Amino acid sequence: MKTWFYTVEMTLLVMVGLRVISGLIELTVAGLILKFNSIEKAVALNAMLAIIGPTIFITSIALGLIGMSDKLSASKFIFIGAGVLLILIGIRK
C-alpha cells in the first residue's frame, strides 16, 4: 500500500484533497440546513456554497493544468481555458 501512495502524483493528491474537502463542506451545510429548519438560513447557506464550489473548481482545474503544463501546447491551454470560462458563464446565468 505504501508504494501505491508514492506512485500517485502530488498534484493529483492535492486535487483529490480539494474535492474531499468540498464534499465535506457540502455535507456539513446539508446538515446545518436540516438543523436550522429555516428557509432563510438555507438560502444563506446555499449562497455560501455558491462561492465555495466554483472556487474549488477553478483551483482544481488550475492545479491540473499546471501538472500537465509540460504535455500540452499553448493552443490546447487556450481551448481548455475557454471551456472553463464557458462553464462558469453557463452556471452563472
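Sequence order as written defines the numbering, with residues in each chain counted from 1. The predicted origin of the model limits local features to residues at a pLDDT of at least 70 and limits the giving and counting of side-chain atom pairs to 80 or more, whereas totals for whole chains, interfaces and linings rest on all residues. Processing note: side-chain calculations cover all non-hydrogen atoms of the structure and skip hydrogens and water entirely.

Draft legend 1. Focus on the packing of aromatic side chains. Think of it this way: a Phe, Tyr or Trp ring, Trp meaning its six-membered ring, pairs with another when their centres are within 6.5 Å, and the plane angle makes it stacked under 30 degrees, edge-to-face over 60, tilted otherwise. Counting across every chain of the model gives 0 aromatic pairs. Directly above the aromatic system of Phe36 lies the positively charged group of Lys41, at a separation of 4.9 Å from the ring centroid. Either the NZ atom of lysine or the CZ atom of arginine qualifies as a charge over a ring when it sits within 6 Å of the ring centre and within 35 degrees of the ring normal.

Draft legend 2. Region of interest: the environment of Phe79. Labels follow the DSSP assignment, with helices taken as runs of H or I lasting at least four residues and strands as runs of E lasting at least two, numbered in each case from the N terminus. For Phe79, the location among the structural elements is in helix α4 (residues 74-92). Along the chain, Phe79 and Ile61 lie 18 residues apart, while their C-alpha atoms are 13 Å from each other.

Draft legend 3. Summary view of helix α3 (residues 39-67). The terminal C-alpha atoms of α3, which comprises 29 residues, lie 42 Å apart, in line with the 42 Å expected from a rise of 1.5 Å per residue. Of all the residues in α3, the buried ones are Ala42, Leu45, Leu49, Ile56, Ser60, Gly64 and Leu65. Given the number of residues in a helix, its expected span is that number minus one, multiplied by 1.5 Å. Any residue under 20% of the maximum accessible area for its type is buried, any over 50% is exposed, and the rest in between are partly exposed; the area is computed with a 1.4 Å probe on protein chains only.

Draft legend 4. The arrangement of the environment of Phe77 in detail. Tracing the sequence through the fold places Phe77 in helix α4. The partly exposed category is assigned to Phe77, whose relative accessible area is 25%. Along the backbone, Phe77 and Leu65 are 12 residues apart, and their C-alpha atoms lie at a distance of 7.9 Å. Excluding anything up to four places from it in sequence, Phe77 contacts Leu65, Ser69 and Leu72. By the convention used here, residues are in contact when the closest approach between their heavy atoms is within 4.5 Å.

Draft legend 5. Here's a closer look at a nonpolar patch on the surface. A patch is a set of surface residues, each over 30% in relative accessible area and not in a salt bridge, joined within 9 Å for like charges and within 5 Å for the nonpolar side chains Val, Leu, Ile, Met, Phe, Trp and Tyr. For every accessible area listed, the method is Shrake-Rupley and the probe measures 1.4 Å; residues are considered covered only by the protein chains on display. Salt bridge, as applied in this entry: a Lys or Arg side-chain nitrogen positioned within 4 Å of an Asp or Glu carboxyl oxygen. Nonpolar side chains collect at one region of the surface, where Leu12, Val16, Val20, Leu24 and Leu27 lie side by side and expose about 480 Å² of accessible area between them. Inspection of the secondary structure assignment puts Val16 in helix α2 (residues 10-36).

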